[in-house]
Structure formats: C-alpha cells, structure tokens
Amino acid sequence: MVTLTEAPRYFSRYRRIIPDFSDFLAHLRQDLPLYFRLNNLKCPDPSLVIEGLERQGVKIRPVEHMPLFYRVEPRDFPLGNTEEYYLGYIYPMTLNSALPVLALDPKPGEQILDLCAAPGSKTTQIAQLTGDKAVIVANDRRLDRLTALVANLKRLGVASALTTVYRGEEFPFGIPFDKVLVDAPCSGEGRYRQGYEGELLYQKEGHTNLPAIQKGLLLRAFDLVKVGGVVVYSTCTINPDENELVVDYLLRKRQAKIVAQQYPQKHHEGLTEWEGKILHPDLRYTARFFPHETESVGFFVAKIQRLV
Amino acid sequence: MVKRKKARRKKIHQQAVWPRVVSLEERDKVLSFWEERFGIPKTAFDGYVLLSTSKNYWLFVEPPDFKPLQGLRVQTVGLLFTRRVSRFLKPTSTALQRFGSLATKNIVELSPAELDRLRRQRKMSYQADLSEGYVIIKCAGKVWGCGLYVSGRLISFLP
C-alpha cells in the first residue's frame, strides 16, 4: 500500500510523461465522478432509467460525445443498490474504460474475442454496440471471476456471448476472429486514488512479472485474429513497461500496424522513447489518458492491425 | 477383503459441454409459444438460434459457422430463454426482462406495493381478465419477469 504522502515519490518516475504533474498528484485526493452506461438492449427508453433514478434524489446528465453514458451526482450514490441496476438497465463504469471498445469498433456479424473479459464491462459494451448481433467469446482464466462475468451477461440480457476459461496465452486456435480485445491484467496505477483511510488504493502485484504476461497475451491475441483483423490492447496503468514496451515487443515479433484512432476523451500520443530505449515510431499512434485530464481512471489504448 | 470403491472421475466430453442446436421445427415450436402467449412476434428472434440442454432452451446469436466454436470448452452459451417444465414451456425472467417490452398480452401491471408484496410472499390472490398460465410481471413500465396466474392467484417466479 502506498500512502498519499508517498505518492509524489512513487510517481516521480513518470514526472516527464504525466502532464501537469502537480495537478495529477492533487487529483489523486479527489473521488472519481460516478458514471453509468445505459443498457439499450433491455431499456429502449432512457427516460425510464433517468426519471427512476432522479426520483431517488440524484442528478443525471448525459456525457457529451459518449452516447449511452451518464454522470451521476452525488458521487457516492449507491447505484448498485437500485432497481435499475438489478433489472440490468445500467452498468456503472468509468468513462475511460469504455474507450478500448470504441477503438475496437465492433460490428454486427463479426466474431470477437474478449480475452480477459471478467467482470464483463467491455463484453457487455460490445454486445450493446453490435445490437447483440456479433458472436462474442468472453474468456477469463479465473473461474471465480467468470462467475461475475456470467452474472453480468445475464443481468444485462446478452444473448450473443459464450464464456470460456482458458489461460489467455493458451487460448486455442481455429476460430477466425475478426477482432480481439486484450484488456490486460496490469498494476492498475491509473486507478490509484486516495482511499477512505487516506491512502492510495494500490495493491502491488508482488513478484508477478506483469510485462511478461502482457506480452504473452498480446502475442496470442495477434495470432488468433485473422489477417486484416484488429487487436486492441489496453491497460489501466501509466507504466510504459506494461504499455508501449509490450506493443513494441509485438511490433518486433510480428507484422503489425498501429492504427490511429479518434477518442472522445482528451489524450496524448504514446511514447516512442522510455528510459533511454528507443521504441517503434508508430507507437505515437497509441493513446494515453490521464486521470486528472479526463476525470477518470488512467488508461492506455493501442489499436493494432494484423498485416500478414 | 474390502472391495475398494472405484474412484469416480468426471470425464469431460468435448461434445457434451456444447448445447444441442435445435432444429428449425423445434425452434418454431418454442417461438410459437412466445407469440401465442405474449404476442411477441417470431421476427423478434431473427438472427438467433436456440440451443438445448436437458431441460432448458438457450438463445444464442447465429454464428457464421458453428463448427469452429464447438471446439471450445464452454461454460455458458447465450441467454437462458425457456425452460421445459413437465410438458409445458416456461419463459425465464431473464428472457422476459429482455424481450418482454415487445409483449402485447398476458401482462400483469402491478403497483410498487403489490410488487413488493409478491416478492416477499411469493404468491398472492389476484383477479384479472387473463387466461391462466405464465404472465409477464410489470411495474411502472419496467418488466420484472415471470409469474404464473392460476385460480385467482399470482405466483412469483421472479429471481
């Protein structure tokens, strides 16, 4: 656990790559705004949800440029205890965690693999964006986490997903996926925040070699997608070792292209150099999202196309 | 001499874990139930196939080719849609919550107080001009799920 007073020292490694570093540190003391995604598969009329929640004393307003997303005030309102949640009309989630699926740009009729799917925020978002008409294979290596995924698929009424429990690096070949999403396990630095105890909510991954796991997942995802298909790699960490360096590894191993992408949130180009190491120049087309600039969780997103 | 009981080892059959894809005829029979009972047109389920396990039908999007997917060891496939209960078909609350807004008949509209009572007691007396059988329970425009209307009583199958 890193306390808030230790945060400047912990994040000083990133001073050069985090814009307005002091603003970033100050932002860690604030609670994140509360958002939800409206589930239009179950609730074709948004007023049913908005009016229902407003009757409970909260203010709801739509998020600009992000259809189906709404901001809720006050921030500590227990959305998970509402009947709108129970009936699967809403999915509480941070804004930036919606961005990888926007980059994936899923279409009806496609076959899509969500390699690290639990608890299902992105799987259900894919189902919504495709009108529940894409085949989604939602995989997670941990059976306990899959329980949450299955519950969310059921709650949101998704019929287009099947679930599997494979180690991502060993997901079997044989299905010509159009798109693969790798929302990789990461150190979660983008989620660091002052907790109720005045500490940053941070659990260090101990001795786990996260970049090695991430490289294995991304490589497998790339090999699973068909030629011309798209892989989106994302994390909620600031650490370049888990972001650009992982994608750089793929670009050295496989014939891939980074695809530039427009996002509805303020972002910065990915790094092409880190701690003296020169990275692939196309990594500038990846995107970094910082918490203090987006009022959300810090994120990294790379959209990659398989060339051969 | 004590005879040792042979250890039971659960075998995983690749074919067994995948639900059976039902025939068009069987699909039509299930969808006809939904159409006749609730007025939900069969076209609402265009692009979906039905899969069958021992007592349940699951709704799943129609893939371009089933064969590659059937090579996967799956945990769940699609949405639990309809159960076979004795010789009857019973819609699941999960499926009614998703498609119930398209229904035109056999809908029970409850007040919040009535819904609360039904959820607590699981059944209550209720008089309505409905044919006996499974009904859709709604409250304030929201579909809550499945109930059974029989002999002047409403029985809850809400989760």
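Please refer to the structure placed before this passage.
What comes next is a walk through the structure. (Residues numbered from 1 in each chain as written. Chains lettered and ligands numbered in written order. Predicted model: local features only at pLDDT ≥ 70, side-chain atom pairs only at ≥ 80, totals over all residues. Heavy atoms only, no water.)

## Here's the deal with the overall build of chain B
Check the secondary structure of chain B and you find five helices and eleven strands. The burial tally for chain B puts 48% of its 159 residues in the buried class. For chain B, the proportion of contacts with a sequence separation of at least 24, taken over those separated by at least 6, is 57%. As presented, chain B carries roughly 9200 Å² of accessible surface, and 51% of it is formed by carbon and sulfur atoms. (Helix = DSSP H or I, 4+ residues; strand = E, 2+ residues; numbered from the N terminus. Buried < 20%, exposed > 50% of the residue type's maximum accessible area, 1.4 Å probe, protein only. Contact = heavy atoms within 4.5 Å. Areas by Shrake-Rupley, 256 points an atom, 1.4 Å probe, with all protein chains shown as cover.)

## Examining the sheet that holds strand 2 (residues 59-62) of chain A
All names here are of chain A. If you walk across this open sheet you meet the four strands as 2-3-1-4, and the pairing is antiparallel. Whereas interior strands pair on both sides, the edge strands pair on one side only; in this sheet they are strand 2 and strand 4 (90-92). Each strand axis lies, on average, 30° off the axis of its neighbour in the sheet, ignoring direction. Sheet topology note: the strand 2/strand 3 (residues 69-73) ladder contains four bridges and is antiparallel. (Pairing = 2+ DSSP bridges. Axes fitted to C-alpha atoms, helices over the stretch in contact; angles between N-to-C directions.)

## Quick word on the interface of chain B and chain A
One frequent convention defines the size of an interface as the accessible area lost when the parts assemble. The interface of chain B with chain A comprises 29 residues on the first partner and 34 residues on the second. Between chain B and chain A the total buried area reaches about 2700 Å² when both faces are included, carbon and sulfur atoms providing 60% of it. For the chain B face of the interface with chain A, the top three residues by lost area are L72, R98 and K142 of chain B, together amounting to 24%. If you look at where chain B meets chain A, you find three salt bridges. On the surface where chain B and chain A come into contact, there are 14 residue pairs in polar contact (both at pLDDT 80 or more). Only strand 3 (56-61), helix 3 (66-69), strand 4 (74-77), helix 4 (93-99) and strand 10 (142-150) of chain B provide two or more residues apiece to the side of chain B that touches chain A. The element contributing the most residues to the side of chain B that touches chain A is strand 4 of chain B, with four residues. (Buried area = accessible area lost by both parts, 1.4 Å probe. Salt bridge = Lys/Arg side-chain N within 4 Å of Asp/Glu carboxyl O. Polar contact = N/O pair within 3.5 Å; in protein donor to acceptor, adjacent residues only side chain to side chain.)

## Some words on the pairing of strand 10 of chain B
Residues and elements named next belong to chain B. Where burial is concerned, most of strand 10 is hidden: seven out of the nine residues are buried. Pairing geometry for strand 9 (residues 133-139) and strand 10, over seven bridges, is antiparallel. Residue pairing across strands places G133 opposite Y149, the latter belonging to strand 10. The antiparallel pairing of strand 9 with strand 10 creates a hairpin that spans two residues between the two strands, and A140 there sits at a positive phi of about 50°. When strand 10 meets strand 11 (residues 153-156), the two strands line up antiparallel, connected through four bridges. Bridge assignment links Y149 to a residue of strand 11, and that residue is L154. What sits between the antiparallel neighbours strand 10 and strand 11 is a turn of two residues, in which S151 has the positive phi angle 50°.

## Re the sheet that holds strand 5 (residues 79-85) of chain B
All names here are of chain B. One open sheet holds the five strands; their spatial order is 1-2-3-5-6, and the pairing between them is antiparallel. Every other strand in the sheet has two partners, leaving strand 1 (20-21) and strand 6 (88-91) as the edge strands with one partner each. Inspection of the sheet shows strand 1 paired to strand 2 (residues 48-52) by two bridges, in the antiparallel sense. Bridge pairing in strand 2 places R20 opposite S52.

## Points about the environment of F171 of chain A
Within the secondary structure, F171 of chain A is located in the loop between strand 7 (161-164) and strand 8 (177-183). Exposure remark for F171 of chain A: the relative accessible area of 0% places this residue in the buried category. In this structure, the C-alpha to C-alpha distance between F171 of chain A and L250 of chain A, residues 79 residues apart in sequence, is 17 Å. What F171 of chain A contacts, discounting residues up to four positions off in sequence, is L113, L115, V137, N139, T164, Y166, F177, R220 and L224 of chain A together with L72 of chain B.

## Structural notes on the pattern of salt bridges
Scanning the entire structure with this criterion turns up 24 salt bridges over all chains. Here K42 of chain B and D28 of chain B are joined by a salt bridge, their closest N and O atoms 3.0 Å apart. Taken as a pair, K42 of chain B in the loop between helix 2 (24-38) and strand 2 and D28 of chain B in helix 2 lie far apart in primary sequence, 14 residues in all. Given the relative accessible area of 36%, D28 of chain B is considered partly exposed. Because the salt bridges share partners, they merge into one network encompassing R71, E73, R75 and E295 of chain A.

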